[in-house]
Structure formats: structure tokens, C-alpha cells
Amino acid sequence: MKVLLLKDAKDDDSGQDPYIQELGLYGLEATLIPVLSFEFLSLPILSEKLSHPEGFGGLIFTSPRAVEAVKLCLEKDNKTEDWEKSLKNRWNAKSVYVVGSATASLVNKIGLDAEGAHSGNAEKLAEYICSRPSSALPLLFPCGTIKGDTLPKMLKDKGVPMESMHVYQTIPHPGIQGNLESYYENQGVPASITFFSPSGLKYSLEYIQALSGGSFDQIKVCPTRPQTAQFQGGTLGAEQLSPALVHTAEKDNALVRAQEDTCQAAVIHSHDPSSCRALVKVLQVIACASLVVGIQQDGGDCPPYRETLLTGFNTLPAS
């Protein structure tokens with residue numbers, strides 16, 4: 001089964017992208033095609049703010065790109081030495097909040113101590129922040145231009161001061177069309193396509209529809225987040241995406257129930273590195289039968305969920 005993953009490659013300790021590695025173990029032939037690029041914004045302003053931790057109550061990072069922006073500031077402004085000598089310690093005396101283990105790992109690499117990684121999404125992180133002692137100084141929140149409003153609104157409602165600034169914007173990858181054309185020419189129409197973000201879907205869908213032709217409706221579509229599924233639902237229509245697709249378990253911190261409706265999609269929402277293994281199981285399932293699987297996982301281990309997927313869908317907890 002050939003699957004197309006619309007994302008950048010990321011090497012792990014073995015030197016291979018974990019999705020490619022894990023999918024290959026189960027006989028799934030995966031190809032990665034990047035569909036997004038990023039432009040960094042306002043780096044001089046961010047650099048100045050990073051130089052004055054005394055003006056802030058801490059930091060918030062909800063994406064790897066925001067951490068990359070900080071790293072670029074340190075490198076471009078020759079602040080690496082100052083950062084190592086004193087700045088990182090002064091920031092570490094405050095709270096550095098993050099969403100997800102991938103972002104936390106990057107934060108750790110620049111010498112900061114991350115907390116809140118287990119939260120898994122912006123809403124849970126906001127709840128965690130609000131449960132902590134609050135400073136009168138604002139939390140500095142470097143973010144992208146299309147960030148969600150959930151975290152800022154929740155902090156504002158709870159009286160937690162925050163200063164957000166746009167440090168990057170998402171743009172289409174310049175090689176989308178050429179890379180997709182090359183894939184279809186050499187590999188043919190994929191059995192499954194996984195979209196990793198609403199922007200990735202938006203920028204690539206037109207090309208995929210044109211290249212797939214009459215076979216497009218036969219492709220099994222896997223958005224990895226509820227937001228992507230919602231965007232996709234409005235884009236592809238009910239004939240390809242069931243309205244029952246996304247069932248989140250906000251309070252259960254667990255899987256949602258597998259629906260036994262016939263459909264071409266599956267949803268995974270996880271910031272855990274082992275989410276690629278969960279994706280493997282979903283792709284195995286939809287290779288055999290078109291079942292809808294919705295997963296919302298707010299951190300923690302994946303194995304119990306993967307075991308449930310293996311042993312039978314009727315045992316999954318109701319949402």
C-alpha cells in the first residue's frame with residue numbers, strides 16, 4: 001500500500017524519518033513531500049525582548065517554528081555567548097511553557113527548561129498555565145500569524161497577562177507542484193494521503209485533485225488533527241468525509257470511539273512522538289476496511305491505544 005505524507009522529513013537517531021521507518025516495518029510504502037515553508041518575521045524585535053527577561057513573567061511556545069525563531073535571533077545577533085552566560089538562566093528562573101514533546105525537545109536544546117509539554121494542545125496548556133502562580137508581568141508568546149485564539153482568550157479571561165508577537169508566517173513550499181507531479185509520474189495515485197495541517201491541505205489539494213483525476217474519490221484521506229479534518233470537511237464535502245469523523249474526548253484524555261460507518265478518512269490528534277505508530281495502525285485498518293477512527297490524545301503513552309486498535313474497535317471507549 002502506497003501512502004503519501006505531506007510533511008517535511010525529520011531524522012531521528014537512526015538517521016531516518018520516524019514515519020518512514022515505522023510505516024516500512026508494516027509493509028506500507030510511504031513517501032514524504034513537504035508542502036509548507038516558513039518565513040520568519042520581526043526577529044530584531046524578538047531579539048530585543050529576549051535580551052530583557054526582567055520585563056516578562058515567562059515564555060510560551062506552541063510550535064517548533066517559534067523556537068527556531070529564537071534560535072535564529074541568537075545566531076544572527078551574536079547573542080549566543082550572552083545567552084549561555086546569563087540570559088538562558090534568567091529565563092529559566094521564570095516559567096517556560098510548551099505544547100507537545102517535539103517543541104519541548106527543541107526548547108531544551110537551546111538550554112531552557114520546558115514545562116506543560118504533557119498538555120498536548122493549546123486549551124490544556126492554557127488550563128495548566130492558569131493553575132500556576134501568575135506574575136504581574138506578561139508571558140512572552142512568539143507565534144505564527146495563523147495561531148488559534150483559544151490560548152490567548154483563556155489566559156485573558158483568567159487575568160493572566162500575555163504579550164504575543166508574530167515571528168513567522170506559513171507559505172506554500174515552492175516545490176509543491178513539481179514534487180507532486182514527479183510522485184504521480186513515478187508512483188501513480190496513492191492509496192492514502194495524510195494531511196498534517198489545514199494550510200498543507202489548502203496549498204496542495206488543487207494539485208492532488210488534478211493529478212488524481214477520476215481516481216481522487218478512491219483515495220483514503222487521513223487528516224492528523226481535528227482542525228484539519230474540519231477544514232477538509234468544508235473543502236471535500238460530505239461525499240468524501242463523514243460528518244461523524246471528528247469525535248474528541250476532551251475530558252477523557254483518551255481515544256474516541258471508532259465509528260463503524262463506511263468512510264475514507266481517519267483522524268489522529270497527538271503531539272506525542274509515537275503518534276507515527278498510531279498512524280501506522282490507522283493506515284493498516286483503512287487498508288482493509290473503510291472505518292473512521294478519531295483520536296485525541298493529550299500527551300502520555302500511546303501503547304494502550306495502539307493495543308486497542310489491534311485487538312478490536314468495539315472495545316474503544318465512547319466519547
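Because the structure is predicted, anything quoted here is derived from the model rather than measured.

(A) The environment of Leu46, seen in detail. Note that Leu46 resides in helix H2 (residues 43-50). Given a relative accessible area of 0%, Leu46 falls into the buried group. Sequence spacing of Leu46 and Pro142 is 96 residues, and the spatial spacing of their C-alpha atoms is 7.9 Å. If we skip the residues at most four places from it in the chain, Leu46 touches Ala69, Val70, Cys73, Leu140, Pro142, Met165 and Val167.

(B) Layout of the layout of surface pockets. When its volume is computed, the second largest pocket comes out at roughly 220 Å³. Elements that contribute at least two residues to the lining of the second largest pocket include exactly helix H3 (64-76), helix H4 (80-92) and helix H5 (101-109). Examining the composition of the lining of the second largest pocket, we find that five residues originate from one element, H3, more than from any other. Class assignment for the residues of the lining of the second largest pocket results in five nonpolar, one polar and five charged.

(C) Geometry of the side chain of Thr103. The residue Thr103 is located in helix H5 in this model. Owing to a relative accessible area of 4%, Thr103 belongs among the buried residues under this scheme. A polar contact is formed between the side chain of Thr103 and the backbone oxygen of Val99, at a distance of 3.4 Å.

(D) Region of the structure containing the environment of Phe196. Its location among the elements puts Phe196 in the loop between strand S8 (192-195) and helix H9 (198-212). Remark: the alpha-carbon pair of Phe196 and Cys222, spanning 26 residues in sequence, is separated by 8.6 Å.

(E) Structural view of the packing of aromatic side chains. Tallying each qualifying case throughout the model produces four aromatic pairs. On the basis of an interplanar angle of 80 degrees and a centroid distance of 6.0 Å, the ring pair of Tyr97 and Tyr128 is categorised as edge-to-face. A residue pair is termed long-range when its members are at least 10 positions apart, and Tyr97 in strand S5 (residues 95-98) and Tyr128 in helix H6 (residues 122-131) qualify at 31 residues. On the basis of relative accessible area, Tyr97 is assigned to the buried category, the value being 2%. Note on Tyr183 and Tyr184: the rings are 5.9 Å apart at their centroids and 75 degrees apart in plane angle, and the pair reads as edge-to-face. An identical accessibility class is assigned to Tyr183 and Tyr184; each is buried.

(F) Inspection of the pattern of salt bridges at higher detail. Applying the stated criterion across every chain yields a total of seven salt bridges. Here Lys7 and Asp17 are joined by a salt bridge, their closest N and O atoms 3.3 Å apart. Placement of the pair is Lys7 in the loop between strand S1 (2-6) and helix H1 (18-25) and Asp17 in the loop between S1 and H1, with a sequence separation of 10 residues. Among the salt bridges present, the one from Arg90 reaches Glu54, with a minimum N-O distance of 2.7 Å. Taken together, the residues Arg90 in helix H4 and Glu54 in the loop between H2 and strand S4 (58-61) connect sequence positions 36 residues apart. On the basis of relative accessible area, Arg90 is assigned to the partly exposed category, the value being 37%.

(G) Inspection of the sheet that holds strand S3 (residues 36-40) at higher detail. Taking strand neighbours across the sheet as the criterion, the five strands line up as S3-S7-S6-S4-S5 in an open arrangement whose pairing is mixed. The sheet is open, and its two edges are formed by S3 and S5, each paired on a single side. Looking at each pair of strands side by side, their axes are set apart by 20 degrees on average, direction ignored. As judged from the two bridges shared by S4 and strand S6 (residues 139-144), these two strands associate in the parallel manner. Paired with Leu59 across the two strands is Leu140, which belongs to S6.

Calculation rules
Residues numbered from 1 in each chain as written. Predicted model: local features only at pLDDT ≥ 70, side-chain atom pairs only at ≥ 80, totals over all residues. Heavy atoms only, no water. Helix = DSSP H or I, 4+ residues; strand = E, 2+ residues; numbered from the N terminus. Buried < 20%, exposed > 50% of the residue type's maximum accessible area, 1.4 Å probe, protein only. Contact = heavy atoms within 4.5 Å. 1 Å grid on protein atoms, 1.4 Å probe; cavity = no way out; pocket = protein on both sides within 12 Å on 5 of 7 lines; lining within 4 Å. Points joined across faces, edges and corners; volume = space filled by probe spheres on them. Nonpolar A, V, L, I, M, F, W, Y, C, P; charged D, E, K, R; others polar. Polar contact = N/O pair within 3.5 Å; in protein donor to acceptor, adjacent residues only side chain to side chain. Phe/Tyr/Trp six-rings, centres within 6.5 Å; stacked < 30°, edge-to-face > 60°. Salt bridge = Lys/Arg side-chain N within 4 Å of Asp/Glu carboxyl O. Pairing = 2+ DSSP bridges. Axes fitted to C-alpha atoms, helices over the stretch in contact; angles between N-to-C directions.

That is the geometry; function is a separate question.
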